[in-house]
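# Close look at the chain arrangement
What follows is the residue order along each chain.
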Amino acid sequence: MCRVLAREVSSHVGKTVCLQGFLHWKRDLGGIRFVLLRDRSGVVQVVVDRRFELPLAESSMRVVGRVVENPKAPGGYEVVAEELEFYAKAVEPSPIEIPKEEWRASPEALLEYRYVSLRGEKARAPLKLQAALVRGFRSYLDAQGFTEIFTPKIVSAGAEGGSNLFGVDYFERRAYLAQSPQLYKQIMVGVFERVYEVAPVFRAEQHATSRHLNEYLSLDVEMGFIRSEEDVMALEEELLRAMLEEARSSAGFEARLLEVEWPNTQEMPRLEHKEARRILREELGLPVGADLNEEAERALGAWAKERWGVDFLFVTKYPESARPFYAYPEGDGLTRGFDLLFRGLEITSGGQRIHQHEVLVEQLRRKGHDPAQFAGYLEVFKYGMPPHGGFAIGAERLTQKLAGLPNVRYARAFPRDRHRLTP
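The text that follows walks through the structure, step by step, so that each part is easy to find. In this text the structure is predicted, and so the values were computed from the model without any measurement.

Conventions adopted
Residues numbered from 1 in each chain as written. Predicted model: local features only at pLDDT ≥ 70, side-chain atom pairs only at ≥ 80, totals over all residues. Heavy atoms only, no water. Helix = DSSP H or I, 4+ residues; strand = E, 2+ residues; numbered from the N terminus. Buried < 20%, exposed > 50% of the residue type's maximum accessible area, 1.4 Å probe, protein only. Contact = heavy atoms within 4.5 Å. Pairing = 2+ DSSP bridges. Salt bridge = Lys/Arg side-chain N within 4 Å of Asp/Glu carboxyl O. Axes fitted to C-alpha atoms, helices over the stretch in contact; angles between N-to-C directions. Parallel < 35°, antiparallel > 145°, perpendicular 65-115°, else oblique. Nonpolar A, V, L, I, M, F, W, Y, C, P; charged D, E, K, R; others polar.

### A short note on the overall build of the protein
The helix and strand tally for the protein stands at 11 helices and 18 strands. Overall, the protein is about 80 × 55 × 40 Å in size when its C-alpha atoms are taken along their principal axes. Split into buried and exposed, the 423 residues of the protein put 52% on the buried side. Sequence separation of 24 or more characterises 66% of the internal contacts of the protein that already satisfy a separation of 6 or more.

Structure (structure tokens):
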């Protein structure tokens, strides 16, 4: 007998079906007992008589029974059990009562016992939503002639030359976990012209906030033969629309469960960094530096929503002091670099890159770096590189703001932050 998923029982009324999943919840009403069976698609109510012994919740199980209508059951249907088998019985009570799991209840417990809490429908829903976003990311870029690449995650130097690197012992040398595939994806523009990567990156930043992770999934894009950063931003606009459409169509159940408010993707206005700082100071009364902090980002997001009714906002023309050495200089101390804010949170950093060897060497020196440490990266620029640019989307941050999660950690199955190395 073929397996039927919980979400499919409504199309099998009057028929005998086989269900497999986990004992989500049980209730004894004297002469009759009810069980909720949970599988990857959802939950279904099962009516169990006294001849079957019920173990602890979360035991894995198999049920064979007849589907009947019951308006009081979840979804309006239930299965009357004829056969009941348990593959592996739980040996102790679950540390998390999954049917009662809520985002704002014992957040540390939800993370500490992640191997169990992820089984909950609401806990796993953001991961399903994120998988759809990533699928949309790949599908759109493939259709636009991009090639997926796979770059090293053990490197000899940081892509941005900063100190936020995790050091590792690599035989007789010191190496680091990659903080970005930036240098490699630029090199690969000289090979394929249009490239992308979906991979983890590592940042040794001692944050303990609701928006920072020390390991996160970076969705990186780089493209050659551009006219300016405007081409890059135009690509990202279309890419985000495609990603969100994929999430809407293939993760609709999870979106409804999370009560996702779909963003306005029709308009993604540009605001120059200098003007953004003026608005923050003069209109919103916030002191700001060259790089916008999270309070400034939230304020700008709220301002843009009120002023223009938008959820996405590009902040453009960042100053050189707030950008890495490879950012294309615009003149007057500015670059062709941008950030993209989504509901007041930076989800993207990007821009046009320098493609001339001599300019790159000079910018490295100006930033206090030794060009010799970037010799492998610089080599390719001796042989002709096209004007190019790109960006990186933080998958967890995008998921967090789309799903309305209180903490970015809930947008990763097993988050790594300043204090967490397990589970």
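### Some thoughts on the pairing of strand 8 (residues 167-170)
Pairing analysis gives 4 bridges linking strand 8 to strand 9 (residues 173-177), with the strands arranged antiparallel. Opposite valine 168, over in strand 9, you have alanine 175 as the bridge partner. In this antiparallel pair of consecutive strands, strand 8 and strand 9, the connection spans 2 residues, and phenylalanine 171 shows a positive phi of 55°.

### Let's talk about the pattern of salt bridges
Two side chains of opposite charge can pair, provided their charged atoms sit close to one another. Scanning all chains against the criterion turns up 39 salt bridges. Taking the shortest distance from any N to any O, the salt bridge between lysine 153 and glutamate 197 comes out at 3.4 Å. Here glutamate 197 lies in strand 10 (residues 194-202) and lysine 153 lies in the loop between strand 6 (147-148) and strand 7 (154-155), a separation of 44 residues in the sequence. Across this residue pair, the class does not change: lysine 153 and glutamate 197 are buried. In this structure, the salt-bridge partner of glutamate 379 is lysine 382, at a minimum N-O distance of 3.3 Å. Exposure remark for glutamate 379: the relative accessible area of 33% places this residue in the partly exposed category. Judged by relative accessible area, lysine 382 falls into the partly exposed class, the value being 49%. Salt bridges linked by common partners bring Glu108, Glu112, Arg409, Asp417 and Arg420 together as one network.

### Focus: the sheet that holds strand 10
A sheet is described by the order of its strands in space; here 8 strands give the open sequence 6-10-11-18-17-16-13-12, paired in mixed fashion. If you trace the sheet from one side to the other, it starts and ends with strand 6 and strand 12 (270-272), each paired once. Taken together, the 2 bridges between strand 6 and strand 10 define a ladder with parallel strand orientation. Each bridged residue has a counterpart across the sheet, and for glutamate 148 the counterpart in strand 10 is tyrosine 196. The sheet contacts of helix 4 (residues 182-192) involve strand 6, strand 10, strand 11 (215-224), strand 17 (345-353) and strand 18 (388-394), and relative to strand 11 the element is tilted by about 30°. Against the sheet, helix 5 (residues 229-250) makes contact with strand 11, strand 12, strand 13 (312-316), strand 16 (337-342), strand 17 and strand 18, and its axis sits at roughly 35° relative to strand 18, the strand it touches most.

### Describing unusual backbone geometry
Cis peptide bonds are those with omega within 30 degrees of zero, and the linkage from threonine 422 to proline 423 qualifies with -5°. Position of proline 423 relative to the elements: it lies in the segment after helix 11 (395-403). Phi angles above zero are rare outside glycine, and glutamate 193 is one such case at about 75°. With respect to the helices and strands, the residue glutamate 193 is situated in the loop between helix 4 and strand 10. For aspartate 332, which is not glycine, the phi torsion reads 60° and is therefore positive. Residue placement: aspartate 332 occurs in the loop between strand 14 (329-331) and strand 15 (334-335).

### Focus on the pairing of strand 5 (residues 77-88)
Across 3 bridges, strand 3 (residues 42-48) lies against strand 5 in parallel orientation. Of the residues in strand 5, the one forming a bridge with valine 47 is valine 80. Relative to strand 5, strand 4 (residues 60-69) runs antiparallel, the two being bridged by 10 bridges. The residue of strand 5 that forms the bridge with glutamate 69 is tyrosine 77.

### Thoughts on the packing of helix 7 (residues 273-283) against helix 8 (residues 294-308)
Packing of helix 7 against helix 8 leaves a shortest axis separation of 11 Å and a crossing angle of 90°. It follows that helix 7 is roughly perpendicular to helix 8 by the angle criterion. Note on element contacts: helix 8 touches helix 7 through Ala296, Ala299, Leu300, Trp303 and Arg307, opposite Ala276, Ile279, Leu280 and Glu283. Here the residues of the contact of helix 7 with helix 8 sort into 7 nonpolar, no polar and 2 charged.

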